[in-house]
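Chain by chain, the residues:
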Amino acid sequence: MIKVTIDGRDIEVKEETTILNAARELGIKIPTLCYSEFLEPYAVCRICLCEVVRGKRSRLVTACNYPLRDASVSILTNSARVRNLRKLNLELLLAQAPAAKIVQDLAAEYGVTKTRFPIKNPDEKCILCGLCVQVCENLVGAGAIGFSSRGSKREVSTPWGVEPETCILCGACAHFCPTGHIVMTEEADERILHSELTLGPNAAISIPFRQAIPNVPRIDVEHCIHFKTGGCELCSKVCPKDCIDYQMKDEIEDIDVGAIVVATGFQDFDPTPLKQYGYGKYANVLSSIEFEQMNNAASPTGGAIVLENGEEPRSVAILHCIGSRDENNHKYCSRVCCMYALKFAHLIKEKTTAEVYQLYIDMRAFGKGYEEFYHRLLEEGVNVIRGKGAEIAPIGGKFGEEGLLVRCEDTLISKFREIPVDMVVLCTALEARDDSADLARKLNISKGADGWFIEAHPKLAPVSTTTDGVFLAGVCQGPKDIPDAVAQGTAAAGQAMKLMTVGELFLDAAYAAITDEICSGCRICNGLCPYNAISFLEDKKVSEVNAAMCKACGTCAAACPSGAITARHFTDDQIYAQIEAIFA
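Keep in mind that this is a model prediction, so the values were computed, not measured. (Residues numbered from 1 in each chain as written. Predicted model: local features only at pLDDT ≥ 70, side-chain atom pairs only at ≥ 80, totals over all residues. Heavy atoms only, no water.)

Below, the discussion takes up the overall build of the protein chain. A count of helices and strands for the protein chain gives 15 helices and 25 strands. The C-alpha radius of gyration of the protein chain comes to 36 Å, more than 25% above the 25 Å expected for a compact globule of 584 residues. Viewed in the frame of its principal axes, the protein chain has a C-alpha envelope of about 125 × 75 × 45 Å. Long-range contacts, defined here as pairs at least 24 residues apart, represent 59% of the contacts in the protein chain between residues at least 6 apart. Carbon and sulfur atoms make up 52% of the accessible area of the protein chain, which amounts to about 33600 Å² in all. The averaged location of the 76 negative side-chain charges in the protein chain is 10 Å from the averaged location of its 60 positive side-chain charges. (Helix = DSSP H or I, 4+ residues; strand = E, 2+ residues; numbered from the N terminus. Rg over C-alpha atoms; globule rule 2.2 N^0.38 Å. Contact = heavy atoms within 4.5 Å. Areas by Shrake-Rupley, 256 points an atom, 1.4 Å probe, with all protein chains shown as cover. Lys, Arg positive; Asp, Glu negative; His and termini not counted. Charge placed at Lys NZ, Arg CZ, Asp CG, Glu CD.)

Applying the stated criterion to the full structure yields five aromatic pairs. Judged by centre distance (6.3 Å) and plane angle (65 degrees), the rings of Phe 227 and Tyr 246 are edge-to-face. Taken together, the residues span a long stretch of sequence, with Phe 227 in helix H6 (residues 225-229) and Tyr 246 in the loop between helix H7 (234-238) and strand E10 (260-262) at a distance of 19 residues. One aromatic cluster is present, built from ring pairs that chain together Phe 291, Tyr 340 and Phe 344. The ring centre of Phe 536 lies 3.8 Å from the NZ or CZ of Arg 523, which sits over that ring. (Phe/Tyr/Trp six-rings, centres within 6.5 Å; stacked < 30°, edge-to-face > 60°. Lys NZ or Arg CZ within 6 Å of the ring centre and 35° of its normal.)

Okay, the packing of helix H8 (residues 288-295) against helix H9 (residues 337-351) next. Remark: H8 packs on H9, axes separated minimally by 12 Å, with the N-to-C direction vectors making an angle of 40 degrees. Classed by the angle they form, the pair H8 and H9 counts as oblique. Classified by chirality, the crossing of H9 by H8 is left-handed. Each of Ser 288, Phe 291, Glu 292 and Asn 295 in H8 lies in contact with H9, whose residues at this interface are Tyr 340, Lys 343, Phe 344, Leu 347, Ile 348 and Lys 351. (Axes fitted to C-alpha atoms, helices over the stretch in contact; angles between N-to-C directions. Parallel < 35°, antiparallel > 145°, perpendicular 65-115°, else oblique. Left-handed = near helix turned anticlockwise from the far one by under 90°.)

Our next topic: a negative patch on the surface. Together, Asp 250, Glu 251, Glu 253, Asp 254 and Asp 256 line one region of the surface with negative charge. By secondary structure assignment, the location of Glu 253 is in the loop between H7 and E10. (Patch = residues over 30% accessible without salt bridge, like charges linked within 9 Å, V, L, I, M, F, W, Y side chains within 5 Å. Salt bridge = Lys/Arg side-chain N within 4 Å of Asp/Glu carboxyl O.)

A separate point is the pattern of salt bridges. Should the charged atoms of two oppositely charged side chains come close, the side chains can pair. Within this structure, the stated rule accounts for 21 salt bridges. In this structure, the salt-bridge partner of Asp 435 is Arg 433, at a minimum N-O distance of 3.2 Å. Here Asp 435 falls in the partly exposed class, since its relative accessible area comes to 40%. On the basis of relative accessible area, Arg 433 is assigned to the partly exposed category, the value being 32%. Ionic contacts of the salt-bridge type, sharing partners, join the residues Arg 325, Asp 362 and Arg 386 into one network. (Buried < 20%, exposed > 50% of the residue type's maximum accessible area, 1.4 Å probe, protein only.)

Our next topic: the domain arrangement of the protein chain. Considered domain by domain, the protein chain is made up of domain 1 (2-78), domain 2 (130-247), domain 3 (267-431), domain 4 (436-502) and domain 5 (512-583). One C-alpha centre belongs to domain 4, the other to domain 5, and the line joining them spans 29 Å. Of the roughly 320 Å² buried where domain 4 meets domain 5, counting both sides, 27% is carbon and sulfur surface. Counting the surface domain 4 buries against domain 5, the share from its top three residues, Asn 444, Thr 466 and Asp 468, is 92%. In this assembly, domain 4 and domain 5 are joined by two residue pairs in polar contact (both at pLDDT 80 or more). Counted by class, the side of domain 4 that touches domain 5 contains no nonpolar, three polar and one charged residues. (Domains from an automatic or database assignment. Buried area = accessible area lost by both parts, 1.4 Å probe. Polar contact = N/O pair within 3.5 Å; in protein donor to acceptor, adjacent residues only side chain to side chain. Nonpolar A, V, L, I, M, F, W, Y, C, P; charged D, E, K, R; others polar.)

This part takes up the sheet that holds strand E14 (residues 355-360). An order of E12-E19-E13-E14-E15 is seen for the five strands of this open sheet, with the pairing classed as parallel. In the strand order of this sheet, the two ends are held by strand E12 (285-287) and strand E15 (383-386), each with one partner. Each strand of the sheet is rotated relative to its neighbour by a mean of 20 degrees, with strand direction disregarded. Two elements, E12 and strand E19 (residues 423-428), share three bridges in a ladder whose sense is parallel. When the bridges of E19 are listed, Ser 287 appears paired with Leu 426. Across the face of the sheet, H8 comes into contact with E12 and E19 while running at roughly 90 degrees to E12. (Pairing = 2+ DSSP bridges.)

Once that is clear, we can look at helix H4 (residues 131-140). In terms of burial, H4 is a largely internal element, eight of the ten residues being buried. Listed as buried for H4 are Leu 131, Cys 132, Val 133, Gln 134, Val 135, Cys 136, Leu 139 and Val 140.

Mapped onto the secondary structure, Asp 481 falls in the loop between strand E21 (470-472) and helix H12 (482-501). Although Asp 481 is buried, it forms no salt bridge, and the closest oppositely charged side chain is Arg 335 at an N-O distance of 5.1 Å.

It is worth spelling out a nonpolar patch on the surface at this point. Taken together, the side chains of Phe 570, Ile 575, Tyr 576, Ile 579, Ile 582 and Phe 583 define a hydrophobic patch exposed on the protein surface, amounting to about 700 Å² of accessible area. Along the chain, the position of Ile 582 falls in helix H15 (residues 572-583). The exposed category is assigned to Ile 582, whose relative accessible area is 67%.

This is the structure in structure tokens:
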């Protein structure tokens, strides 16, 4: 540590600390344009000039890269000599980049209103500081940006339009550019893309979603600069706890558990195959999840309801039962669509002045306070039409303007209607996940024809399954709203805790048993058992039944060629005795 004096104030800093960083610790502002704490400083803009006084001698140095090694020096950051040279450098920068606002503001702060040097391009913003070149080469590792020519002809050269594959579109150059000369823009100046809306941040390192457990950031290797080029690593440099490990690999762990709660949820029905609704074809036809994401305060729109061109819609149609109650897709009711459609209508009325049309088959407001909410929406002026939307088409020249035309039948007035709107929201069905069959096979649980997992009994065991220790919670068992999913999750957790804390288990008296003397060791039963309750003993060359896992289905007993397997309480003698008792 050494003790130095800056503008008459003493400070103790580590040796080799730059004047700029030492001054910042004292709260002294030294202007600079070309400095970044993540890059090696090389003082291009020279606005950070300071005066170093040693005895009766003084000299000018750049504060961003001058290391403090001598305690006998005194630093002056705002002397007359320093200010005069800064003014000169600002005049040179104004001549180089007259359109850069940050240069204009700094010049005005020092009283420089115009430059005495010739201006080459009045629209130029680049000060040739080289930060973008240094970032792309040394930090990112892409090497897509460089300098060309020398002297007064020097300029920044980019691969855009020549070798675009060298640029990885990371945006680091735009982030570090001090004057805003480099910017990231959308193609065709599109203000919002509904299909690209997300509920959370889309940075390479972020928390997946707000309620994530564990609630810690994770690195997306597909978007992280380090995993593309081997460079960057800024997150590890700023992490105070050294938590970043780029060498960490995905691992598969085997964990012994006493119970399993299946809460895999659902997936949204994809309305793309329903060509009559134009999803994916017309920009302002949205799915329910896209509309929900747009309304989120953390969305790119800040929660505002806007069209693809960024304008507020004048009218919105909300179509119920897209994929639900449909003989060609899902015959069941998705249960939650009616109420979230009403919520959407309320949000539209609250945030915009748009007219709202609800097109429904039957309004199923079944929960506590739901019917009251429905009547509240009617009082807010929402138009409800009893009739499923049949088709969505572009208006074209029919009404002399752009938009969408919703065709439907209003069954309450027995008329065919065409409704012009700016935006359409499709309330899509809740459907079982595509991988539900694979999970059902792994856990030995049943799955219905519609894809949902089947409970042991719909009334007496609504969260249990045919496999002991495996319980169901939430929408994986069937469509349900949040209160029901929470209730079922609580019940499943209670059943799991009961199973693990009871101390002893009561087994069903009916199970299969194998007579060793008769078993030939053919192993047919091992492959047929749906509960994996039968194992083969290599030392005895016979199969053995685990009574705790056996469900007495009888598959093994029926298939055993030697008759070595007996279904307890269902032997031939017992069955014959029951038959004789019936006819006695």
